[in-house]
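# A look at the structure
Okay, here's what each chain looks like letter by letter:
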2 protein chains.
Amino acid sequence: MKMPTPDASVLARRAEIVNALRAIVPGEGVIVERDEMRVYETDALTAYRQLPMVVVLPTTTEQVSQVLKYCNELGIKVVPRGAGTSLSGGALPLADGIILGLGKFNKILDIDYANRTVTAQPGVTNLGITTAVAHEGFYYAPDPSSQIACTIGGNIAENSGGVHCLKYGLTTNNVLGIEMVLMNGDIVRLGGKHLDAEGYDLLGIMTGSEGLLGVVTEVTVRILRKPETLRAVLIGFPSSETGGNCVAAIIAAGIIPGGMEMMDKPAIHAAEEFVHAGYPLDVEALLIVELDGPEAEVNHLIGEVEKIARDCGAVSVRVSESEDERMVFWAGRKAAFPAVGRISPDYLCMDGTIPRKQLPLVLNRMTEMSAKHGLRVANVFHAGDGNLHPLILYDANKPGELQAAEDFGADILKLCVEVGGVLTGEHGVGVEKRDLMTHQFTEIDLNQQQRLKCAFDPEGLLNPGKVFPQLHRCAELGRMHIHRGQIPFPDLPRF
Amino acid sequence: MKMPTPDASVLARRAEIVNALRAIVPGEGVIVERDEMRVYETDALTAYRQLPMVVVLPTTTEQVSQVLKYCNELGIKVVPRGAGTSLSGGALPLADGIILGLGKFNKILDIDYANRTVTAQPGVTNLGITTAVAHEGFYYAPDPSSQIACTIGGNIAENSGGVHCLKYGLTTNNVLGIEMVLMNGDIVRLGGKHLDAEGYDLLGIMTGSEGLLGVVTEVTVRILRKPETLRAVLIGFPSSETGGNCVAAIIAAGIIPGGMEMMDKPAIHAAEEFVHAGYPLDVEALLIVELDGPEAEVNHLIGEVEKIARDCGAVSVRVSESEDERMVFWAGRKAAFPAVGRISPDYLCMDGTIPRKQLPLVLNRMTEMSAKHGLRVANVFHAGDGNLHPLILYDANKPGELQAAEDFGADILKLCVEVGGVLTGEHGVGVEKRDLMTHQFTEIDLNQQQRLKCAFDPEGLLNPGKVFPQLHRCAELGRMHIHRGQIPFPDLPRF
């Protein structure tokens, strides 16, 4: 993993830069002490650590604008950061860059039930949106596992999903408008409370752009009314293949469940031992299917799903008969990551997406890979939309195991691409999958993506070293197939 | 309305250009005769006409690539065209440009029921997708009124909607992947059969880009299973305001109808006289609400909608009791445009979008404007998502009426922006709304959009004169707030 070489001329001017930032963000909004900056040195992908040059925590859009304008003029790199829950190293600092933390942008600005929208500052947590409207019976649909901590601004950067995105969409399907600051300091508003928009879909580009295009300073999202009824079915299968086929059959029947999650045997056992959800232990694969909507519809569809499951060869089918029981069904799935953490000293959480019908093939191939690399894998995934989260179990203290785990992970992601899928579903590329991008995209594709990057940040100062394996100078991108002007990425220190 | 001045140096080389195009596209794929080019001189916005320099009709992606590469190198403008059903002049030719017609790209390439996708060439009609999968019980959801004629490639260019987009989304929500050719001839594939994607959302930018960014040569869309049951309710109101409030109340109740269309009195009467749908004639506003899904759900929700309607002050409520009756309910709405064409020599079909809760206010203000401009207006609109289609009635043979109609239309669109909406919902900006873009967007916004345009087409050769009121040279866009280098738009001849 390589990151840009620190710019000695920038580091030499650190004192001057800190003073300039303090003039823009007064009080305690500029952090320079090593110990205080330590909390910013990594994100939830903890394999990499790096202290930033300085951390700045603005409180207004105007301050963000001034900070970016200043950095743009002086050629200082900027890494935007929400709560730092990224799983791909998206918020990893740079030694010669500032961390622009949005933690103080934590207010709900407007709740509009008639238009069914909430407008919030980007540092409000994902769950904070739902909490603000729950008393009126509304909620915000995308629900990443980190929803207690992750911010709505970070959700936009990563286009976050969750267990309900098959039916309700990813972040990109639920964001209606943003205010953002360009690297040159200009403040742009995209979208709004209206459902249709015009002009190029800049809001769509910003969603999932991993902090490389601009800094979001306000967010308007769609809220939904809580479904009248929610029921879940636990379905056990004698093989991953029958489970995969059942997922395809449910979708083919025209049923779109609110959630459709699958776990394999290692994940089932780890979860059951941890939270005692009552999962069957004699099955190879477990599917949780949740239906939501009016009671009449849910009861009808639950029956259909049961029928399809038995036709697919399910060996156990259990329908939740109360809200408590439904919550218990989910408890195991939601605790699957920490549960796996209890049975292995370390694990690597992968994130790839495949066309749904490739599920059985990919599960079989993963079993073969597990034998080849000599490492166990537990599978927990969003079956409905083909988003896999294989957890590769390893022990960092055993020589070679981290490397083997990373090789195994890379093989899984390459397989996803090979069967017509993509490298990531919702965790982003960040630094983790950066060097695999050439397996997904041709040089032409990557150059075209970088031309977009140039349209927002021509000097390449926003979050460099993430997403793109090589950054080309914008002036060079016009001349296709010419590779002068590449910015080299030396090795990043690993701790 | 201004368009770029024809480039005399390009026109002088017409014979050479035609020969070069014939070398790329052999046979009858290059059209140069004035009479044969006549069919390409306008689109469904017939107020403007212009013959192109030459029309080229390639049959392969490789030919498209070679044509674009050639034009890029020689600085020749290119206007891509599907079926020419655009309502905003998006496919209007340029005197010194070529029309790149995609009509021969008319094959369905792949039908994949397991992944629920259809892959087609861009010249396949919107309805052609549904027709190809209807025998298996599937359909393609977005259904613009022109669906018999309009192409799926054109749908991507305009991000087309239809009466079902509240529940099922616009084109952008139903397209999974495309193959496209950049102006430099490079062929790029975006997305695929997988649901999640990675990298910048280039597919999202292309959707609704109105032919300014690239030429789509292959499309993969999501297909849906036909709902088990469909039922519609006709609801009459004593005022537009009560109708608007009822729309808000249905949405606030958490019901998302498959379609929710509203018509005002002039539209009701015109439609009823034309197709005899049995619409009530003593109401001021008529709402058609369609519910779809499992029978149990539909019957439940129909009851809820009836109850809400009566609470809102509806004076008549009629539920379809058979599939035939449901089709009759829709016949009037679907024929509303031609029906209005029967009661007025000419009409201007506008297209603006507002936040839903502004419906009553906007309808009232439109009545005032109608008096001010001395022209009648009939309103037909997608009430559920706030997309208005006011039809302004005028007589082109009466001096000043076309101008009055255009002024009235501009006032309506400015009102949409004023109440927090946008200039267009699904018809695009094209030439029609180009000069109103400054009412919607600031100079900073428009510059940022043009930087994106530069990332795809740095020489500004793809469909110039559309969408942007002024095109800046890409090199100038880096220096904000500096306006040297604008390309002037002289008047476009009107016939």
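Since this is a predicted model, take the numbers as computed values, not measurements. (Residues numbered from 1 in each chain as written. Chains lettered and ligands numbered in written order. Predicted model: local features only at pLDDT ≥ 70, side-chain atom pairs only at ≥ 80, totals over all residues. Heavy atoms only, no water.)

A word on the side chain of S160 of chain A. Residue and element names in this part refer to chain A. Tracing the backbone shows S160 in the loop between α6 (152–158) and α7 (165–168). On the basis of relative accessible area, S160 is assigned to the buried category, the value being 8%. Beyond its immediate sequence surroundings of up to four residues, S160 is in contact with P142, P144, G154, N155, L170, T171 and E426. (Helix = DSSP H or I, 4+ residues; strand = E, 2+ residues; numbered from the N terminus. Buried < 20%, exposed > 50% of the residue type's maximum accessible area, 1.4 Å probe, protein only. Contact = heavy atoms within 4.5 Å.)

So, on to the domain arrangement of chain A. Interface size is commonly expressed as the accessible surface area that is lost when the partners come together. All names here are of chain A. According to the domain assignment, chain A consists of domain 1 (8–101), domain 2 (108–225), domain 3 (229–337) and domain 4 (344–418). Taking the mean C-alpha position of each, domain 2 and domain 3 sit 29 Å from one another. Counting residues at the interface gives 6 residues for domain 2 and 12 residues for domain 3. Around 770 Å² of area is buried between domain 2 and domain 3 when both sides are counted, 52% of it from carbon and sulfur atoms. Among the residues domain 2 hides against domain 3, the three largest losses belong to V163, L166 and K167. Together they make up 67% of the total. Joining domain 2 to domain 3, the criterion identifies 3 residue pairs in polar contact (both at pLDDT 80 or more). (Domains from an automatic or database assignment. Buried area = accessible area lost by both parts, 1.4 Å probe. Polar contact = N/O pair within 3.5 Å; in protein donor to acceptor, adjacent residues only side chain to side chain.)

Further remarks concern the packing of aromatic side chains. Residue and element names in this part refer to chain B. The final tally for this structure, using the stated rule, is 8 aromatic pairs over all chains. Measuring from centroid to centroid gives 5.3 Å for Y113 and F138, while their planes differ by 40°, and the two rings are tilted. Of this pair, Y113 sits in the loop between β5 (108–112) and β6 (117–120) while F138 sits in strand β7 (residues 138–139), and the two are 25 residues apart along the sequence. On the basis of relative accessible area, Y113 is assigned to the partly exposed category, the value being 24%. Judged by relative accessible area, which is 3%, F138 ranks as buried. (Phe/Tyr/Trp six-rings, centres within 6.5 Å; stacked < 30°, edge-to-face > 60°.)

Before going further, it helps to spend a moment on the pairing of strand β18 (residues 377–382) of chain A. Residue and element names in this part refer to chain A. In terms of burial, β18 is a largely internal element, 6 of the 6 residues being buried. On β18, burial covers both faces: V377, N379 and F381 on one face and A378, V380 and H382 on the other are all buried. Strand direction decides the pairing type here: strand β13 (residues 259–264) and β18, joined by 3 bridges, are antiparallel. Looking at β18, one finds that E261 is bridged to H382. Linking two consecutive strands that pair antiparallel, namely β18 and strand β19 (residues 387–394), is a turn of 4 residues; a positive phi of about 70° is found at G386 within it. (Pairing = 2+ DSSP bridges.)

The next subject is the state of the cysteines. Residues and elements named next belong to chain B. Tallying each qualifying case throughout the model produces 2 disulfides over all chains. One disulfide bridge connects C454 with C474, the sulfur atoms lying 2.0 Å from each other. Residues C454 and C474 are joined through a disulfide that is left-handed, its torsion about the S-S bond being -95°. Of the two residues, C454 sits in helix α17 (residues 443–456) while C474 sits in helix α18 (residues 474–477), which places them 20 residues apart along the sequence. Judged by relative accessible area, C454 falls into the buried class, the value being 14%. Residue class for C474 comes out partly exposed when judged on its relative accessible area of 25%. Here C165 is not cross-linked by a disulfide; its sulfur's nearest cysteine counterpart is in C150, at 13 Å. This cysteine, C312, is not joined by any disulfide, and C246 carries the nearest cysteine sulfur, 4.0 Å off. Take C312: its relative accessible area is 19%, and that puts it in the buried class. (Disulfide = S-S within 2.5 Å.)

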